[in-house]
Amino acid sequence: MAVLRIGILTSGGDCSGLNAAMRGAVKACYDRFGEKNTQIIGIKNGYYGLINGTAKEMKPSDFSGILTLGGTMLGTKRQSFKMLTSVGEDGVDKIKMMKNTYKDLKLDCLITLGGNGTHKTANLLSSEGLNIIGLPKTIDNDIYGTDVTFGFHTALETATGVIDRLHTTAASHSRVILAEIMGNKTGWLTLYSGIAGGADVIIIPECPYDIEKVIEAVEDRAAAGKKFSIIAVAEGAYDKDEAKLKRKDRSKLREEQGIKTATERIAYQIEASTGIESRVCVPGHMLRGGTPSAYDRYLSTAIGARAAKLIESAAFGYSVAVKNEIITENKLPDIAGISKPVPEDSQAVKTAKQIGISFGA
Ligand code: F6P
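Residues numbered from 1 in each chain as written. Predicted model: local features only at pLDDT ≥ 70, side-chain atom pairs only at ≥ 80, totals over all residues. Heavy atoms only, no water.

Draft legend 1. Region of interest: the overall build of the chain. The helix and strand inventory of the chain stands at 13 helices and eleven strands. Taking 21 Å as the expected radius of gyration for a compact globule of 361 residues, we find that the chain reaches 22 Å, a close match to that expectation. Its C-alpha atoms give the chain principal-axis dimensions of about 75 × 45 × 30 Å. Residues classed as buried in the chain amount to 53% of the 361 residues present. At a minimum sequence separation of 6, the contacts of the chain that also span at least 24 residues come to 73%. Carbon and sulfur atoms make up 50% of the accessible area of the chain, which amounts to about 16,000 Å² in all. In the chain, which carries 45 positive and 41 negative side-chain charges, the distance between the mean positions of the two groups comes to 5 Å. (Helix = DSSP H or I, 4+ residues; strand = E, 2+ residues; numbered from the N terminus. Rg over C-alpha atoms; globule rule 2.2 N^0.38 Å. Buried < 20%, exposed > 50% of the residue type's maximum accessible area, 1.4 Å probe, protein only. Contact = heavy atoms within 4.5 Å. Areas by Shrake-Rupley, 256 points an atom, 1.4 Å probe, with all protein chains shown as cover. Lys, Arg positive; Asp, Glu negative; His and termini not counted. Charge placed at Lys NZ, Arg CZ, Asp CG, Glu CD.)

Draft legend 2. Region of the structure containing the site of the ligand. Every residue near the ligand is listed here: Arg 78, Ile 139, Asp 140, Met 182, Gly 183, Asn 184, Glu 235, His 285 and Arg 288. If the ligand stood free it would expose 400 Å²; the protein chains cover 72% of that surface. Counted by class, the shell around the ligand contains two nonpolar, three polar and four charged residues. (Near = heavy atom within 4 Å. Nonpolar A, V, L, I, M, F, W, Y, C, P; charged D, E, K, R; others polar.)

Draft legend 3. Expanded view of the sheet that holds strand S7 (residues 201–203). The parallel open sheet is built from four strands, whose spatial order is S7-S8-S6-S9. The open sheet has two edge strands, S7 and strand S9 (278–281), and neither has a second partner. Across the sheet, the mean angle separating the axes of adjacent strands is 20 degrees when strand polarity is ignored. The sheet contact formed by S7 and strand S8 (residues 229–234) spans three bridges and is parallel. Of the residues in S8, the one forming a bridge with Val 201 is Ile 231. Along the sheet, helix H8 (residues 211–223) contacts strand S6 (176–181), S7 and S8; its crossing angle with S8, the most-contacted strand, is approximately 160 degrees. (Pairing = 2+ DSSP bridges. Axes fitted to C-alpha atoms, helices over the stretch in contact; angles between N-to-C directions.)

Draft legend 4. Structural context of the environment of Ala 302. Turning to its location among the elements, Ala 302 is positioned in helix H11 (residues 294–312). Taking relative accessible area as the criterion, Ala 302 reaches 18% and is therefore assigned buried. Separated by 38 residues in sequence, Ala 302 and Lys 340 place their C-alpha atoms 22 Å apart.

Draft legend 5. Region of interest: the packing of aromatic side chains. By the definition in use, this model includes three aromatic pairs. An angle of 40 degrees between the planes, with centres 6.3 Å apart, marks the rings of Trp 188 and Tyr 192 as tilted. Separated by four residues within a single helix, Trp 188 and Tyr 192 lie in helix H7 (residues 188–197), roughly one turn from each other. Using a relative accessible area of 9% as the deciding quantity, one classes Trp 188 as buried. A relative accessible area of 34% places Tyr 192 in the partly exposed class. Ring centres of Tyr 295 and Tyr 298 lie 6.2 Å apart, and the angle between their planes is 50 degrees; this geometry places the pair in the tilted category. One end of the pair is Tyr 295 and the other is Tyr 298, both in helix H11 and three residues apart, which spans about a single turn. Tyr 295 sits in the partly exposed class, given a relative accessible area of 26%. Taken together, the aromatic side chains of Phe 152, Trp 188 and Tyr 192 make up a single cluster linked through ring pairs. When the ring centre of Tyr 48 is taken as reference, the NZ or CZ atom of Lys 77 above it lies at 4.8 Å. (Phe/Tyr/Trp six-rings, centres within 6.5 Å; stacked < 30°, edge-to-face > 60°. Lys NZ or Arg CZ within 6 Å of the ring centre and 35° of its normal.)

Draft legend 6. Spotlight on a negative patch on the surface. Taken together, Glu 212, Glu 216, Glu 219 and Asp 220 make up a surface patch of like negative charges. When you line up the elements, Glu 212 lands in helix H8. On the basis of relative accessible area, Glu 212 is assigned to the exposed category, the value being 51%. (Patch = residues over 30% accessible without salt bridge, like charges linked within 9 Å, V, L, I, M, F, W, Y side chains within 5 Å. Salt bridge = Lys/Arg side-chain N within 4 Å of Asp/Glu carboxyl O.)

Draft legend 7. How the structure looks around the domain arrangement of the chain. Assigned domains within the chain: domain 1 (4–150 + 292–335) and domain 2 (155–288). A C-alpha centroid distance of 34 Å is found between domain 1 and domain 2. Counting residues at the interface gives ten residues for domain 1, matched by nine residues for domain 2. Of the roughly 770 Å² buried between domain 1 and domain 2, counting both surfaces, carbon and sulfur atoms make up 50%. Considering only the side of domain 1, the residues that lose the most area to domain 2 are Asp 14, Ile 139 and Asp 140, jointly responsible for 58% of the buried surface there. Linking domain 1 to domain 2 there are one salt bridge. A salt bridge links Arg 288 to Asp 14; the nearest nitrogen and oxygen atoms lie 2.9 Å apart. Across the contact surface, domain 1 and domain 2 share two residue pairs in polar contact (both at pLDDT 80 or more). Residue composition of the side of domain 1 that touches domain 2, by class: two nonpolar, four polar and four charged. (Domains from an automatic or database assignment. Buried area = accessible area lost by both parts, 1.4 Å probe. Polar contact = N/O pair within 3.5 Å; in protein donor to acceptor, adjacent residues only side chain to side chain.)

See the structure below:
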């Protein structure tokens, strides 16, 4: 059997479980094809490394002891699809360079771990004839065609821990505290951590808020003798008036108002209207760090291991997915670049409403 040369890269924002997924993929390849017949080539810093040919041959020992390690041992970089696909002032055709690197490294296939942007580029490279397998990661859980992505569960634990801790300060000081949770386009993390952390109001981009309704929810609690409120707000939330604007006009308006996120504005408006002290807490990138949760270690391993099966069947141009707990895959063109917003009728939204959580709408 000829030695299989398998490239691997991590692209986009990091999250917990990337190392575990690489380990899962590589261990499963060693198991199926034998260590002697498998050469793993680690490409550094995502597609940036593929463009520039920054890669190294990995040893089996490189994949030991990394199951519990956060981040990505290969490094990562954000490279927008637009930037990758346009020939800039430097005259560099990045797609061509990535294809050349693939060829120069004599790869039989390339495993790309990433979110929506990564999958878009993976699909393009696949349509250009490269043998690509995508693995779905993101704390945002917003990749279409998979019930869950690795990294989400760990971030959920962290975000819930943040909301838990905010409760004592909110209660002690009789304040409103707003936790701004990552999620630029979708609100999965905010919704789940909001429910798990016992938030009173949850504000997500899928459901543009009405500030009057948010204030009403806080006032109703105060009237019922509850002196504090916790509000979980997705980083990408916007109100019903902003919902009428295009994304770039929304940003322009925020710039004019001197605010970056809706969270700051909501805090100000609540305090101005109710007189209740309001504070904002932004855990930010802390949500992407730390050792993967047990569930993410399992999920990353299972998703990674599926890549070996696909390689064995020479089934390229796929992204691994989870559907009803079953590990399966989608064709890249069917899912690439398509986001997965929280459906209005999803179980989580229903559950939140059933226990009286307000969506501020
Ligand atoms: O895509 C994951 C994500 O965590 C988003 O929720 C967030 O908007 C974004 O990354 C921020 O990433 P960075 O600061 O790395 O550009």
